[in-house]
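# Examining the three-dimensional arrangement
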Amino acid sequence: MTVELPGLVVVLCGPSGAGKSTLIARLRDELGAQLRFSVSYTTRPPRTGERDGVDYFFVDRPAFEELVADGAFLEHAIVHTNMYGTHRQQVEDLAAGGAVVVLDIDVQGAAQVRATSADVVFVFVLPPSVEELERRLRGRATDTDEVIRGRLGVARAEMSEAPLFDYAVVNDDLERAAADVAAIVRAERLRRAKDGTAARFA
């Protein structure tokens, strides 16, 4: 007998360069159409190759602030001078439809979700070391030295928040880290199938 597993909301956090996007891509390979990536809103300009509505919803600051005033966001934050937000209705609809919804957000956003939501899974992705994180950031060749130094400072502060999360995954080996995240997702969905619980948002 095949058991229909319930929807699940997973908050995935970690410093820039920890490998969250790569882990999400691997998780998508594992779950296929069951996995849905929550597309955030942002005021930052698109990077080369990014598409509106796919990578982010790119909006200007007045439009973003109007959405905040309307209470449209499950969480929102200012990161590196840009604004980011997760649309509440989008997440609710996807989870209700049985999807595994991944929110790739920062620790500020995670704290907001934690304060207003129940039965959401929080996973923190850690780099093997700060030195390796710096190497990855420099390898992107997309940021200036000043920006990289700023990101490393933020990363140290973010990593101190890891104990507040349900799980911590060290991304020192991509295959192992991806398998760890996939195992977390399956275990949490099985628990919810047994208990009959689902994510709830205030």
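Residues numbered from 1 in each chain as written. Predicted model: local features only at pLDDT ≥ 70, side-chain atom pairs only at ≥ 80, totals over all residues. Heavy atoms only, no water.

### Things to note about the confidence of the model for the protein
Under the convention used in this document: A residue's pLDDT is the confidence the predictor assigns to it, expressed on a 0 to 100 scale. Secondary structure elements follow DSSP: runs of H or I no shorter than four residues count as helices, runs of E no shorter than two count as strands, and numbering proceeds from the N terminus.
Mean pLDDT over the protein stands at 88; residues scoring 70 or higher make up 98%. Of all the helices and strands in the protein, helix α5 (residues 130-140) carries the lowest mean pLDDT, 74, while strand β4 (residues 57-58) carries the highest, 98.

### Considering helix α7 (residues 174-195)
Which entries qualify depends on this criterion: The span you would expect from a helix comes to 1.5 Å times its residue count less one. Relative accessibility under 20% of the residue-type maximum defines a buried residue, over 50% an exposed one, and the middle range a partly exposed one, all with a 1.4 Å probe and only protein chains included. Taking the helix axis as origin, the arc is that swept by the directions to the C-beta atoms. Contact criterion: two residues are considered in contact whenever any of their non-hydrogen atoms come within 4.5 Å of each other.
Its 22 residues give α7 an end-to-end C-alpha distance of 32 Å, which sits within 8% of 32 Å, the value for a rise of 1.5 Å per residue. The set of residues buried in α7 consists of A177, A178, V181, A182, I184, V185, E188, R189 and R192. Buried residues in α7, looked at end-on, bunch into an arc of 150°, giving them a common side. Tucked into the core, α7 has its buried residues touching β1 (8-13), α1 (20-31), β7 (100-104), β9 (121-126) and β10 (167-170).

### Points about the environment of V54
Tracing the sequence through the fold places V54 in the loop between β3 (41-42) and β4. On the basis of relative accessibility, which here comes to 40%, the residue V54 falls in the partly exposed class. Sequence spacing of V54 and S38 is 16 residues, and the spatial spacing of their C-alpha atoms is 9.5 Å.

### Quick word on unusual backbone geometry
With phi around 60°, D119 is a residue other than glycine that occupies positive phi space. Relative to the helices and strands, D119 is located in the loop between β8 (117-118) and β9.

### Side note on the layout of surface pockets
Here is the rule: Each cavity reported here is a set of points on a 1 Å grid over the protein atoms alone in which a 1.4 Å probe fits but cannot get out, each pocket an open set with protein on both sides within 12 Å along at least five of seven lines, and each lining residue one with an atom within 4 Å of a point. Grid points are joined across faces, edges and corners, and a volume is the space filled by probe spheres set on the points. All amino acids are sorted into three groups, where Ala, Val, Leu, Ile, Met, Phe, Trp, Tyr, Cys and Pro are nonpolar, Asp, Glu, Lys and Arg are charged, and the leftover types, Gly among them, are polar.
The volume enclosed by the largest pocket comes to roughly 1,200 Å³. K20, S21, R47, Y56 and D104 are, among the 41 residues lining the largest pocket, the residues nearest its centre. Looking at the lining of the largest pocket, the elements with two or more residues in it are α1, β5 (73-79), β6 (82-87), α5 and α6 (145-159). Ranked by residues supplied to the lining of the largest pocket, first place goes to α1 with six residues. Across the lining of the largest pocket, the residue classes tally to 16 nonpolar, eleven polar and 14 charged.

### Comments concerning the pattern of salt bridges
Formally: By salt bridge we mean one thing: a side-chain nitrogen of Lys or Arg within 4 Å of a carboxyl oxygen of Asp or Glu.
Evaluated as defined, the whole model comprises seven salt bridges. For the salt bridge of R44 with E50, the shortest nitrogen-to-oxygen distance reads 2.9 Å. Judged by its relative accessible area of 7%, R44 is buried. One salt bridge connects D195 with K194, and the closest N-O pair in it is separated by 2.6 Å. A residue is classified by how much of its surface remains accessible, and D195, at 36% relative accessible area, is partly exposed. What makes K194 exposed here is its relative accessible area of 66%.

### Side note on the environment of R51
Here R51 lies in the loop between β3 and β4. When its relative accessible area of 53% is taken as the criterion, R51 is described as exposed. Discounting residues that sit within four places of it in the chain, R51 has contacts with Y56 and F58.

### Regarding the pairing of β5
As a reminder of what qualifies: For two strands to be treated as a pair, DSSP must find no fewer than two bridges joining them.
Along β5, five of the seven residues are buried, which leaves the element largely enclosed by surrounding structure. Looking at chain direction, β5 and β6 are connected through six bridges and run antiparallel. Counterpart to F73 in the pairing with β6 is H87. Hairpin geometry of β5 and β6 is characterised by an intervening segment of two residues between the two adjacent antiparallel strands and by a positive phi of about 55° at H80.

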